[in-house]
Amino acid sequence: MPPKKGGKGKDGGKDAKGKGKGKDEPPDVSVQMKKVKQEVAKVCADMGILPELECDKLFVAKFNETLLSQTQKFLFQGDRLDSKGIQAFTLVLKELCPAFVPTKTLCFWRSLLGDEGVASICEHLLSKKKSEKEPPYGGVVNLELFDCRLGPSMCTYLSHSLRENVPLKTLLLDHNNIGDQGVTLLAEGLRHNKELQLLSLQYCRIGPAGGILLGDEVVRHSNIKRLRLRGNRIMAAGLSSIARNLGKSTTLMELDVSDNSIIGERTCLHTLCESLRTNTSLEHVDLEHNIIGEEGAVLFFETLEMCPHIKVFKMSGTGIRDTA
């Protein structure tokens with residue numbers, strides 16, 4: 001949370017510290033930045049990170065940006081950090097969050113993290129303290145690893161954190177080559193997780209086997225509210241599994257299976273329609289860019305008349321005429 005503003009001093013226009021502060025002036029983060037610079041210098045020295053790599057300058061700039069913006073968010077977008085640099089950053093943030101640098105969101109977009117980088121994030125920022133001497137859980141609740149060229153093996157570390165039930169609310173892994181193997185690893189953690197609310201696995205090369213697992217393990221057992229799977233290939237088999245388990249979910253509000261090579265097989269569509277009637281938590285369904293067919297379109301239109309809880313339903317694709 002942003003620090004509270006001090007009251008006015010005796011001289012009128014000053015806060016409790018005696019410094020004048022206009023409405024549009026940036027917050028005073030000098031105390032926090034002094035601590036940041038000390039911790040960055042210490043960690044970089046302990047890890048033997050060469051000064052010419054200028055990791056320390058990058059870290060200080062990122063911390064300053066986050067503190068001034070008061071967004072409690074770090075964004076690394078294409079920054080050239082190797083696994084050692086990621087480890088250093090996570091160690092620094094672990095020591096500073098939440099006391100000096102409150103942090104809720106951590107974003108790595110098109111950054112080459114590697115498995116070791118993800119392992120550092122999970123170990124230092126997504127794990128519960130193992131002893132009273134360690135600082136409390138830092139508070140990261142939103143993690144975005146977008147297009148970081150990650151493979152399925154990195155899901156091992158995320159699965160462990162999820163299994164520990166850390167209070168992570170959002171996990172976005174879009175545009176990474178996770179595949180069915182990665183989904184298998186994630187499902188092991190998500191099966192026992194009651195905290196995660198949004199899981200985004202868009203364009204992650206997930207096939208029918210992964211779709212079946214997502215239905216049987218994630219939709220059925222987790223408390224996820226929003227599941228986004230656009231741009232995969234779960235096909236009718238994957239959708240059927242998700243549909244069968246929708247009736248057992250009382251939390252799912254949004255389901256995006258658009259562009260998933262789903263062809264309107266009668267059994268699959270009937271199963272989904274039946275689940276739409278019985279699952280009253282679902283409000284948003286996206287089936288765009290799949291081949292539903294005219295018969296399927298009519299079936300959905302008839303079903304939606306009996307589903308007032310569904311506020312948004314998207315459907316398009318080859319096989320549906322304008323008159324359907």
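Up top is the structure.
No experiment lies behind these values; they were computed from the predicted model shown.

A. Quick peek at the overall build of the chain. The number of helices and strands found in the chain is 10 helices and nine strands. Among the 324 residues that make up the chain, the fraction classed as buried is 47%. Excluding contacts between residues fewer than 6 apart, the proportion of contacts in the chain whose partners are at least 24 apart in sequence is 82%. Total accessible area computed for the chain in this model is approximately 16,300 Å², and 51% of it derives from carbon and sulfur atoms.

B. Spotlight on the nonpolar core. With 87 residues, the main nonpolar core has Phe63, Phe108, Leu145, Leu201 and Phe300 as its most contacted residues. Once residues within four sequence positions are removed from consideration, phenylalanine 108 is found in contact with Phe76, Ile86, Phe89, Leu113, Ile121, Glu144, Leu145, Phe146 and Cys148.

C. Seen up close, the pattern of salt bridges. The full count for this structure, using the stated rule, is 11 salt bridges. Between lysine 42 and aspartate 46 there is a salt bridge, with its nearest N and O atoms 3.2 Å apart. Separated by four residues within a single helix, lysine 42 and aspartate 46 lie in helix H1 (residues 30-47), roughly one turn from each other. The class of aspartate 46 is exposed, set by a relative accessible area of 57%. With a closest N to O distance of 2.6 Å, glutamate 195 and lysine 169 form a salt bridge. Pair noted here: glutamate 195 is in the loop between helix H6 (179-190) and strand S5 (198-200) and lysine 169 is in the loop between helix H5 (155-163) and strand S4 (170-172), with a separation of 26 residues, a long-range link. Residue class for lysine 169 comes out partly exposed when judged on its relative accessible area of 26%. Members of the salt-bridge network, linked through shared partners, are Arg226, Arg228 and Glu254.

D. Representation of the sheet that holds strand S9 (residues 312-314) in the model. The strand order across the open sheet formed by nine strands is S1-S2-S3-S4-S5-S6-S7-S8-S9, and the pairing between neighbours is parallel. Edge strands, defined here as strands with exactly one partner in the open sheet, are strand S1 (73-77) and S9. On average, each strand axis in the sheet is tilted by 5 degrees relative to the strand beside it, whichever way the strands run. Note that strand S2 (residues 105-109) and strand S3 (residues 142-146) share five bridges and pair parallel. Its bridge partner lying in S3, tryptophan 109 is registered against phenylalanine 146.

E. Region of the structure containing the side chain of serine 240. Tracing the sequence through the fold places serine 240 in helix H8 (residues 235-246). Once you skip the residues sitting within four places of it in the chain, serine 240 turns out to touch Cys268 and Thr271.

F. Summary view of unusual backbone geometry. Looking along the chain, the bond that leaves cysteine 97 and enters proline 98 is cis, with omega of 5 degrees. Following the sequence through the fold, proline 98 ends up in the loop between helix H3 (83-96) and S2.

G. Quick peek at the packing of aromatic side chains. Counting across every chain of the model gives seven aromatic pairs. A ring pair is formed by phenylalanine 63 and phenylalanine 74, whose centres lie 4.9 Å apart and whose planes are at 75 degrees; its orientation type is edge-to-face. Separated by 11 residues along the polypeptide, phenylalanine 63 in helix H2 (residues 55-69) and phenylalanine 74 in strand S1 bring together distant segments of the chain. Taken individually, phenylalanine 63 and phenylalanine 74 each receive the classification buried, so the pair is uniform in this respect. When the ring of phenylalanine 63 is compared with that of phenylalanine 89, the centres are 5.8 Å apart and the planes differ by 45 degrees; the resulting orientation is tilted. Of this pair, phenylalanine 63 sits in helix H2 while phenylalanine 89 sits in helix H3, and the two are 26 residues apart along the sequence. As far as burial versus exposure is concerned, phenylalanine 63 and phenylalanine 89 are alike and both buried. Taken together, the aromatic side chains of Phe59, Phe63, Phe74, Phe76, Phe89 and Phe108 make up a single cluster linked through ring pairs.

H. Focus on H3. Its 14 residues place the ends of H3 20 Å apart at the C-alpha level, agreeing with the 20 Å of an ideal helix rising 1.5 Å per residue. As for H3, its buried residues are in contact with H1, H2, S1, S2 and helix H4 (114-125).

I. Examining the pairing of S2 more closely. When you tally the buried positions in S2, you get four out of five residues, the bulk of the element. Viewed along the sheet, the connection from S1 through H3 into S2 turns out right-handed.

Procedures and definitions
- Along every chain, residues carry numbers that run from 1 in the direction the sequence is written.
- Thresholds applied to this predicted model are a pLDDT of at least 70 for local features of residues and 80 or more for the giving and counting of side-chain atom pairs; totals over whole chains, interfaces and linings are not thresholded and use all residues.
- Hydrogens are left out, water is left out, and the side-chain values use all remaining heavy atoms of the structure.
- Elements are defined by DSSP. Helices are runs of H or I of four residues or more, strands are runs of E of two residues or more, and each kind is numbered from the N terminus.
- Using a 1.4 Å probe on the protein chains alone, a residue whose accessible area is under 20% of its type maximum counts as buried, one over 50% counts as exposed, and one in between counts as partly exposed.
- Whether two residues are in contact is decided by their heavy atoms: any pair within 4.5 Å suffices.
- Per-residue and other accessible areas follow the Shrake-Rupley method at a 1.4 Å probe size, with only the shown protein chains counted as cover for residues.
- What we call a nonpolar core is a set of buried Ala, Val, Leu, Ile, Met, Phe, Trp, Tyr and Cys residues that are connected through their side-chain atoms within 4.5 Å.
- Between Lys or Arg on one side and Asp or Glu on the other, a salt bridge is scored when a side-chain nitrogen of the former is within 4 Å of a carboxyl oxygen of the latter.
- At least two bridges found by DSSP between two strands are what make those strands a pair.
- Note on geometry: axes are lines fitted to C-alpha atoms, helical ones only across the stretch in contact, with angles between N-to-C directions running from 0 to 180 degrees.
- Aromatic rings from Phe, Tyr and Trp, taking only the six-membered ring of Trp, are treated as a pair when their centres fall within 6.5 Å; an angle between ring planes under 30 degrees marks them as stacked, one over 60 as edge-to-face, and anything in between as tilted.
- Expected helix span is given by 1.5 Å per residue-to-residue step, counting one fewer step than there are residues.
- With strands facing away from the observer, any crossover in which the path from the first strand over the helix to the second runs clockwise is taken as right-handed.

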